[in-house]
Amino acid sequence: ADKFGKLWLIETAQNMIYTMRGVGGLGLAAPQVGLDLNMAIAIVSKIPTVMINPVILSKAEETIAIREGCLSCPGKEVRILRPAWIEVKYNSINGKENIRLFGQMDAIVVSHELDHLAGKLITDYVDAPE
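Residues numbered from 1 in each chain as written. Predicted model: local features only at pLDDT ≥ 70, side-chain atom pairs only at ≥ 80, totals over all residues. Heavy atoms only, no water.

Undergrad: Looking at this structure, how should I read the nonpolar core?
TA: Soluble, globular proteins show a tendency: their nonpolar side chains are buried together. Counting residues in hydrophobic clusters, the biggest one holds 13 residues, and the most contacted among them are Met-16, Met-20, Met-39, Ile-41 and Val-50. Per element, the largest residue contribution to this core is five residues, and it comes from helix H1 (residues 6-22). Ranked by size, the runner-up nonpolar core spans eleven residues in total, among them Ile-86, Tyr-90, Phe-102 and Val-109. (Core = buried A, V, L, I, M, F, W, Y, C linked by side-chain atoms within 4.5 Å. Buried < 20%, exposed > 50% of the residue type's maximum accessible area, 1.4 Å probe, protein only. Helix = DSSP H or I, 4+ residues; strand = E, 2+ residues; numbered from the N terminus.)

The structure is reproduced here in structure tokens:
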């Protein structure tokens, strides 16, 4: 992200948050808006959280399954098993390294967005049994 500059990164994150909110999303990853950038935004406890270069450090064996939709796959829903919690290391918009534990719905949203950064969509999953 250095080649683009900090101001560009902040403006890009703000535009992504605006776009995500405009379509009622809970998260948005840079590849979804055509950017080759390892950045995702997730609504965590109602606050947009910008994660740059996120890496999952650990995750629960226990899973939660909900039907997920995706802005990239309009009208499609897939029931996906997600870890009940994940621990993620990422840089914030101002470059600070964070290690954060996300649980329940936050873990689902963050996992979904990190899938996008790995090139994976909900349609790559098979519906989990009810």
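So, next bit.
Undergrad: Would you explain the side chain of Glu-113 in this entry?
TA: Considering the arrangement of structural elements, one finds Glu-113 in helix H2 (residues 104-117). For the buried Glu-113, no salt bridge is present, and the opposite-charge side chain at shortest range is Arg-82, 8.1 Å distant. Apart from the residues within four sequence positions on either side, Glu-113 is in contact with Gly-27, Leu-28, Ala-29, Gln-32, Ala-40 and Ile-41. (Lys, Arg positive; Asp, Glu negative; His and termini not counted. Salt bridge = Lys/Arg side-chain N within 4 Å of Asp/Glu carboxyl O. Contact = heavy atoms within 4.5 Å.)

Undergrad: How should I be thinking about the layout of surface pockets in this particular structure?
TA: Take a probe with the size of a water molecule and roll it over the atoms, and the empty space left behind shows itself. Quantified by volume, the largest pocket comes out at close to 240 Å³. Put simply, the parts of the chain that give the lining of the largest pocket at least two residues each are strand E4 (63-68) and H2. The leading source of residues in the lining of the largest pocket is H2, at six residues. For the lining of the largest pocket, the residue count by class is eight nonpolar, seven polar and two charged. (1 Å grid on protein atoms, 1.4 Å probe; cavity = no way out; pocket = protein on both sides within 12 Å on 5 of 7 lines; lining within 4 Å. Points joined across faces, edges and corners; volume = space filled by probe spheres on them. Nonpolar A, V, L, I, M, F, W, Y, C, P; charged D, E, K, R; others polar.)

Undergrad: Please clarify how the sheet that holds strand E1 (residues 27-29) should be interpreted in this entry.
TA: Spatial ordering of the open sheet is given by E1-E2-E3-E6-E7, a layout of five strands whose pairing is antiparallel. Where the open sheet ends on each side, the last strands, each with one partner, are E1 and strand E7 (97-103). Adjacent strand axes in the sheet meet at a mean angle of 40 degrees, parallel and antiparallel pairs treated alike. Where strand E6 (residues 85-91) lies against E7, seven bridges are found, and the strand directions are antiparallel. Counted as the bridge partner of Trp-85 is Gly-103 from E7. Each of E1, strand E2 (39-44) and strand E3 (47-59) touches H1; the most contacted strand, E2, lies at about 50 degrees to it. Together, E1, E2, E3, E6 and E7 form the strand contacts of H2, whose direction differs from that of E2 by roughly 165 degrees. (Pairing = 2+ DSSP bridges. Axes fitted to C-alpha atoms, helices over the stretch in contact; angles between N-to-C directions.)

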